[in-house]
Amino acid sequence: TQLLEQSPQFLSIQEGENLTVYCNSSSVFSSLQWYRQEPGEGPVLLVTVVTGGEVKKLKRLTFQFGDARKDSSLHITAAQTGDTGLYLCAGAADTGRRALTFGSGTRLQVQP
Amino acid sequence: EPEVTQTPSHQVTQMGQEVILRCVPISNHLYFYWYRQILGQKVEFLVSFYNNEISEKSEIFDDQFSVERPDGSNFTLKIRSTKLEDSAMYFCASSEGTGRNEKLFFGSGTQLSVL
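The following paragraphs examine the structure supplied in this document.

Scoring rules and cut-offs
Residues numbered from 1 in each chain as written. Chains lettered and ligands numbered in written order. Predicted model: local features only at pLDDT ≥ 70, side-chain atom pairs only at ≥ 80, totals over all residues. Heavy atoms only, no water. Helix = DSSP H or I, 4+ residues; strand = E, 2+ residues; numbered from the N terminus. Rg over C-alpha atoms; globule rule 2.2 N^0.38 Å. Buried < 20%, exposed > 50% of the residue type's maximum accessible area, 1.4 Å probe, protein only. Contact = heavy atoms within 4.5 Å. Areas by Shrake-Rupley, 256 points an atom, 1.4 Å probe, with all protein chains shown as cover. Lys, Arg positive; Asp, Glu negative; His and termini not counted. Charge placed at Lys NZ, Arg CZ, Asp CG, Glu CD. Phe/Tyr/Trp six-rings, centres within 6.5 Å; stacked < 30°, edge-to-face > 60°. Lys NZ or Arg CZ within 6 Å of the ring centre and 35° of its normal. Salt bridge = Lys/Arg side-chain N within 4 Å of Asp/Glu carboxyl O. Buried area = accessible area lost by both parts, 1.4 Å probe. Polar contact = N/O pair within 3.5 Å; in protein donor to acceptor, adjacent residues only side chain to side chain. Nonpolar A, V, L, I, M, F, W, Y, C, P; charged D, E, K, R; others polar.

Moving on, we come to the overall build of chain B. Counting its regular elements, chain B contains 0 helices and 11 strands. When its helices and strands are written in sequence order, chain B yields β-β-β-β-β-β-β-β-β-β-β. Its C-alpha atoms give chain B a radius of gyration of 13 Å, within 12% of the compact-globule value 13 Å for 115 residues. Burial statistics for chain B: of 115 residues in total, 45% are counted as buried. Of the contacts made within chain B by residues no fewer than 6 positions apart, 54% connect residues no fewer than 24 positions apart. A total of about 5900 Å² of accessible surface is found on chain B, and carbon and sulfur atoms cover 46% of it. Within chain B, the 15 negative side-chain charges are centred at a point lying 1 Å from the centre of the 10 positive side-chain charges.

As C-alpha cells, this is what we get:
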C-alpha cells in the first residue's frame, strides 16, 4: 500500500512570510499532483510533476518533485491571505494505474 | 472553465437503504472516477471507469457499490445497502485520458449521511 505523508498538518503564518509544505513517501510515483481544497468543495488541481527533479512555478508557488520521485515540496513565497486553504498532494503509482493516493493535507492559515 | 456537476449536494438516508449519487462529467472526457472523503480523513480512491467498464477499483469498492453510465452524459455511483460507515463526502472526477500529465477535474461532492 502506498502512503503519502504530508507535513506540517497545520501552519499558521503572517502575510508576507514564506513557507514550505512537504509530501513524502517510501514508494515511487509516476507523477505527483498538488491540489487545493476549499471547505465544501472538491480538490482543484494546482500542478502535476512527472519527472524526477522537476521544478514548476505557478506565480508565487514553486513545486518540486524529488529526484527519486518519492517526495515533493510546495513552497509559497510572500504568502497572502488568499493562500489560506487545505493543500493536498496526490500521487499516481509507478505501475500505470490512474488511481491517486492522497496525502492527509496541510491546512494553511495566513493571517493579515 | 468546464466543470463536473454532482447531485444532490446532500443526501440523508437510513441504514440499509439504496442510494444513487449522480455526476455529469465534462463532456469530452473519457475517464471517470469516484473518490470519497470521510470527515477528517484522507481522500480515498474508489473506482475508475473507461470505455463503459470499470478500469480500476479499490478494496473499498466491494459488491455493495456499482457504477454506471446510463446515457451519454451521466455517471452514477450506487450503494445497494448503505451502512453507517458509508457516511462521507463522495467526489466524482473526470479527465481527458491523455496520460501522466493530464488534469483531473473534481466535482463539488455529495455529502452522504447514513443514519
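Scanning the model with the defined rule gives 15 aromatic pairs over all chains in all. Geometrically, the ring pair formed by F49 of chain B and F75 of chain B is tilted, given 5.3 Å between the ring centres and 40 degrees between the ring planes. With a gap of 26 residues between them, F49 of chain B in strand β5 (residues 43-50) and F75 of chain B in strand β8 (residues 75-79) connect regions that are remote in the sequence. Judged by relative accessible area, which is 5%, F49 of chain B ranks as buried. Following the ring pairs from residue to residue traces out a cluster consisting of Y35 and F102 of chain A together with Y31, Y33, Y35, F45, Y50, F91 and F106 of chain B. The ring of Y31 of chain B has R98 of chain A sitting right over it, with the charged end atom 3.6 Å from the ring centre.

This brings us to the pattern of salt bridges. In this structure the tally under the stated criterion is 5 salt bridges over all chains. In this structure, R60 of chain A and D83 of chain A form a salt bridge, with 2.9 Å as the shortest nitrogen-oxygen distance. Of the two residues, R60 of chain A is situated in the loop between β6 (55-58) and β7 (61-65) and D83 of chain A in the loop between β8 (71-76) and β9 (85-93); the sequence distance between them amounts to 23 residues. For R60 of chain A, a relative accessible area of 23% translates into the label partly exposed. The exposure class assigned to D83 of chain A is buried, which follows from its relative accessible area of 6%. In this structure, R97 of chain A engages E56 of chain B in a salt bridge whose closest nitrogen and oxygen atoms are separated by 3.1 Å. One end of the pair, R97 of chain A, is in the loop between β9 and β10 (100-102); the other, E56 of chain B, is in strand β6 (residues 53-57), on a second chain. For R97 of chain A, a relative accessible area of 40% gives the class partly exposed.

The next thing to look at is the interface of chain A and chain B. Each side of the interface is counted separately: chain A has 24 residues, and chain B has 20 residues. Carbon and sulfur atoms make up 49% of the surface buried where chain A meets chain B, a total of about 1900 Å² over both sides. Broken down residue by residue, the surface that chain A buries against chain B is led by L45, R98 and F102 of chain A, which jointly contribute 33%. Joining chain A to chain B, the criterion identifies 1 salt bridge. Linking chain A to chain B there are 8 residue pairs in polar contact (both at pLDDT 80 or more). At the level of elements, β4 (29-37), β5 (44-49) and β10 of chain A are the ones that each hand at least two residues to the side of chain A that touches chain B. It is β4 of chain A that contributes the most residues to the side of chain A that touches chain B, 5 residues altogether. Looking at the side of chain A that touches chain B residue by residue, the classes come out as 10 nonpolar, 9 polar and 5 charged.

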